[in-house]
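Observations on the model geometry
So you can see what is in the structure, the chains are spelled out below.
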Amino acid sequence: MKDSHKLRIPAIALLAAATSACAATYPRFNAGISGIWAEIRDATEGLTVLDTESGTPAGGKFRTGDLITAVNGSPIRGTIGDYILGTDPRRVLGEAIGAAEATDGQLRFEVARGDDTSEVSIVLPVLGSYSDTWPLKCGKSDAIIEQTGAYLRRIQSEEGAFEFEDSPAGSGELIGRALAGLFLVSTGSADNLAAARRYAHFLAGDIEANGVTESSWPKGYLGIFLAEYYLATGDRAVLETLRAICKAAEVSQFIGGWAHGETPSPGYSHGALMTSPSLPIVMALTLARECGVAVDEACFVRAVRYFSRFPGNDGMAYGDQRGDTGVSNGKDAMAATVFSLLPGNAYRQMSELMALHSADSYHGVQHGHGGCSFNVIWRGIGALHLP
């Protein structure tokens with residue numbers, strides 16, 4: 001990774017590798033590279049298999065409803081019913097996967113299927129162990145990055161879009177594509193930068209033909225990608241598209257933030273604003289200014305002033321209201337990242353405080369209104385700004 005592009009938003013390289021589907025109280029999750037999709041119905045019993053992906057180590061070896069109770073001889077159960085406060089069975093599984101990847105790749109599961117108990121074995125690719133400095137100077141991290149880059153290049157269409165399997169159309173798809181592009185830019189490899197260029201030019205053509213999306217949710221992520229891409233490559237062909245995204249954000253701003261779409265949402269949230277889509281837009285505006293794009297100064301100042309009122313007054317709020325306490329669904333980490341991009345000691349202190357908010361609520365990483373994806377994406381980045 002020594003030749004990788006140093007992104008202004010640190011650790012963004014890890015975003016594309018963090019995938020999660022979190023709709024339930026005990027969310028559906030993928031068990032790493034194993035190919036198992038599972039959920040926790042009762043943490044004291046184990047993990048319930050929902051499905052396996054074909055072509056993976058676990059493909060075709062489990063049935064829906066199988067209960068995994070142990071892995072490599074270690075019970076895979078939580079210590080109490082509420083796994084947030086006890087031993088999370090996913091941690092037991094994760095440690096077993098890490099140990100297998102560092103040795104012989106062997107995972108032996110104890111599985112309850114109805115009244116019967118059996119053993120199911122799978123073999124994972126051996127990647128070695130994480131170094132003390134991971135993801136830097138780490139062979140395992142380099143291998144994961146190389147594999148992820150190859151995957152993204154493989155699913156990229158001739159036009160340049162990333163075609164994720166079973167990806168929902170709309171804002172989620174646009175955000176996923178932007179994160180994929182960010183990952184490719186961050187690696188600095190020639191093949192990945194070429195793929196990022198194809199996506200950037202596809203995005204530019206799409207916006208020129210169809211305009212900027214009306215939804216506030218992907219605006220910030222698309223802007224962040226284009227800004228980071230330009231800063232890494234100097235490709236001026238994308239600046240007009242970045243300018244169009246900033247202009248669309250300027251005209252849809254309300255007070256100092258943004259709602260779901262181009263108009264406020266009175267009756268939906270306090271003050272008709274939404275913090276989660278707003279903070280990435282502020283990041284995009286900040287980075288666009290670094291790219292030399294003319295950003296409306298009044299819009300930028302309004303946004304910075306609006307969100308500067310939350311540090312020291314609890315966590316970031318859902319809308320224009322009192323701050324959330326504890327679980328923030330990634331908003332505190334987003335804020336830590338926003339303030340880290342702004343100059344001056346006051347903003348540095350705001351960044352560190354919001355990073356502490358995020359780290360202190362680590363137990364809520366799998367929870368959040370509408371899912372936990374933004375927790376998964378942003379908490380690791382926010383933690384980099386801890387004092």
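The structure under discussion appears in the preceding block.
All values derive from a computational prediction rather than experimental measurement.

Some thoughts on the overall build of the protein
When helices and strands are tallied, the protein shows 11 helices and seven strands. Counting every position in the protein, which comprises 387 residues, the buried fraction comes to 50%. Considering only residue pairs separated by 6 or more positions, the protein has 59% of its internal contacts joining residues 24 or more positions apart. Entry remark: accessible area of the protein is about 17,500 Å², with carbon and sulfur atoms responsible for 51%.

Some thoughts on helix 1 (residues 89-102)
End to end, helix 1 covers 20 Å across 14 residues, agreeing with the expected 20 Å (1.5 Å per residue, within 8%). When helix 1 is considered as a whole, its buried residues turn out to be Pro 89, Arg 90, Val 92, Leu 93, Ala 96, Ile 97, Ala 100 and Glu 101. Angular distribution of buried residues about the axis of helix 1 spans 165°; they occupy a single face of the element. Buried positions along helix 1 lie against strand 1 (29-30), strand 3 (47-52), strand 4 (67-71), strand 5 (74-75), strand 6 (106-113) and helix 2 (139-154).

Focus: the side chain of Ser 276
Looking at the element boundaries, Ser 276 is found in helix 7 (residues 275-290). Residue classification places Ser 276 among the buried positions, given a relative accessible area of 10%. Setting aside residues no more than four positions away along its own chain, Ser 276 makes contact with Trp 217, Lys 331, Met 334 and Phe 374.

Side note on the pattern of salt bridges
Using the criterion set out here, one finds 10 salt bridges in the structure. Linking Glu 173 and Arg 177 is a salt bridge whose minimum nitrogen-to-oxygen distance equals 3.4 Å. One end of the pair is Glu 173 and the other is Arg 177, both in helix 3 (residues 171-187) and four residues apart, which spans about a single turn. Across the pair, exposure class does not vary: Glu 173 and Arg 177 are buried alike. Salt bridges sharing common partners tie together Glu 163, Glu 173 and Arg 177.

Re the nonpolar core
Phe 225 and Trp 378 are the most contacted members of the largest nonpolar core, which has 73 residues in total. Sort the elements by how many residues they give to this core and helix 5 (residues 216-233) lands first, with nine residues. Listed in part, the 24 residues of the second largest apolar core include Phe 29, Ile 40, Ala 43 and Val 71.

Looking at the side chain of Ser 215
With respect to the secondary-structure elements, Ser 215 resides in the loop between helix 4 (190-210) and helix 5. Ser 215 sits in the buried class, given a relative accessible area of 15%. Looking at Ser 215, its side chain comes within polar contact range of the side chain of Ser 171, at 2.9 Å. Ser 215 has contacts with Ser 171, His 260 and Gly 261, leaving out every residue within four places of it along the chain.

Points about unusual backbone geometry
Cis peptide bonds are those with omega within 30 degrees of zero, and the linkage from Trp 134 to Pro 135 qualifies with 5°. With respect to the secondary-structure elements, Pro 135 resides in the loop between strand 7 (116-123) and helix 2. We note that Asn 72 has phi near 50°; this positive angle belongs to a residue other than glycine. Positionally, Asn 72 belongs in the loop between strand 4 and strand 5. Note on Asn 72: relative accessible area 29%, which makes it partly exposed. The phi angle at Ile 255 is positive, at roughly 65°, despite the residue not being glycine. By secondary structure assignment, the location of Ile 255 is in the loop between helix 6 (239-252) and helix 7.

Comments concerning empty space enclosed by the protein
Across all of its chains, the model carries one cavity of 30 Å³ or more by this definition. Each residue belonging to the lining of the largest cavity can be placed in one class, and the counts come to six nonpolar, one polar and one charged.

What about the packing of aromatic side chains?
Under the counting rule described, the total for this entry stands at 12 aromatic pairs. Consider the rings of Phe 62 and Phe 109, whose centres lie 5.6 Å apart with planes at 75°: the pair is edge-to-face. Taken together, the residues span a long stretch of sequence, with Phe 62 in the loop between strand 3 and strand 4 and Phe 109 in strand 6 at a distance of 47 residues. On the basis of relative accessibility, which here comes to 8%, the residue Phe 62 falls in the buried class. Given the relative accessible area of 1%, Phe 109 is considered buried. Judged by centre distance (5.3 Å) and plane angle (45°), the rings of Phe 162 and Tyr 199 are tilted.

Side note on the packing of helix 5 against helix 6
Where helix 5 contacts helix 6, the two axes come as close as 10 Å, and the packing angle between them is 150°. Viewed along their axes, helix 5 and helix 6 adopt a mutual orientation that is roughly antiparallel. Note that helix 5 runs across helix 6; the crossing there is left-handed. Here Lys 219, Leu 222, Gly 223, Leu 226, Ala 227 and Tyr 230 of helix 5 come into contact with helix 6, specifically with Leu 239, Thr 241, Leu 242, Ile 245, Ala 248, Ala 249 and Ser 252.

A word on the pairing of strand 4
Counting buried positions along strand 4 yields five of five residues, so the element is predominantly enclosed. In terms of strand pairing, strand 3 meets strand 4 through two bridges, oriented antiparallel. Looking across to strand 4, one finds that Leu 47 is bridged to Ile 68. Strand direction decides the pairing type here: strand 4 and strand 6, joined by four bridges, are antiparallel. Bridge pairing links Leu 67 to Ala 112 in strand 6. For strand 4 and strand 5, the ladder comprises two bridges, and the chain directions are antiparallel. Its bridge partner being in strand 5, Val 71 is matched across the sheet by Ser 74. Counting the residues in the hairpin turn of strand 4 and strand 5 gives two residues, including Asn 72, whose phi is positive at 50°.

Cut-offs used in this document
- Residues numbered from 1 in each chain as written.
- Predicted model: local features only at pLDDT ≥ 70, side-chain atom pairs only at ≥ 80, totals over all residues.
- Heavy atoms only, no water.
- Helix = DSSP H or I, 4+ residues; strand = E, 2+ residues; numbered from the N terminus.
- Buried < 20%, exposed > 50% of the residue type's maximum accessible area, 1.4 Å probe, protein only.
- Contact = heavy atoms within 4.5 Å.
- Areas by Shrake-Rupley, 256 points an atom, 1.4 Å probe, with all protein chains shown as cover.
- Expected span 1.5 Å × (residues − 1).
- Arc of directions from axis to C-beta.
- Salt bridge = Lys/Arg side-chain N within 4 Å of Asp/Glu carboxyl O.
- Core = buried A, V, L, I, M, F, W, Y, C linked by side-chain atoms within 4.5 Å.
- Polar contact = N/O pair within 3.5 Å; in protein donor to acceptor, adjacent residues only side chain to side chain.
- 1 Å grid on protein atoms, 1.4 Å probe; cavity = no way out; pocket = protein on both sides within 12 Å on 5 of 7 lines; lining within 4 Å.
- Points joined across faces, edges and corners; volume = space filled by probe spheres on them.
- Nonpolar A, V, L, I, M, F, W, Y, C, P; charged D, E, K, R; others polar.
- Phe/Tyr/Trp six-rings, centres within 6.5 Å; stacked < 30°, edge-to-face > 60°.
- Axes fitted to C-alpha atoms, helices over the stretch in contact; angles between N-to-C directions.
- Parallel < 35°, antiparallel > 145°, perpendicular 65-115°, else oblique.
- Left-handed = near helix turned anticlockwise from the far one by under 90°.
- Pairing = 2+ DSSP bridges.

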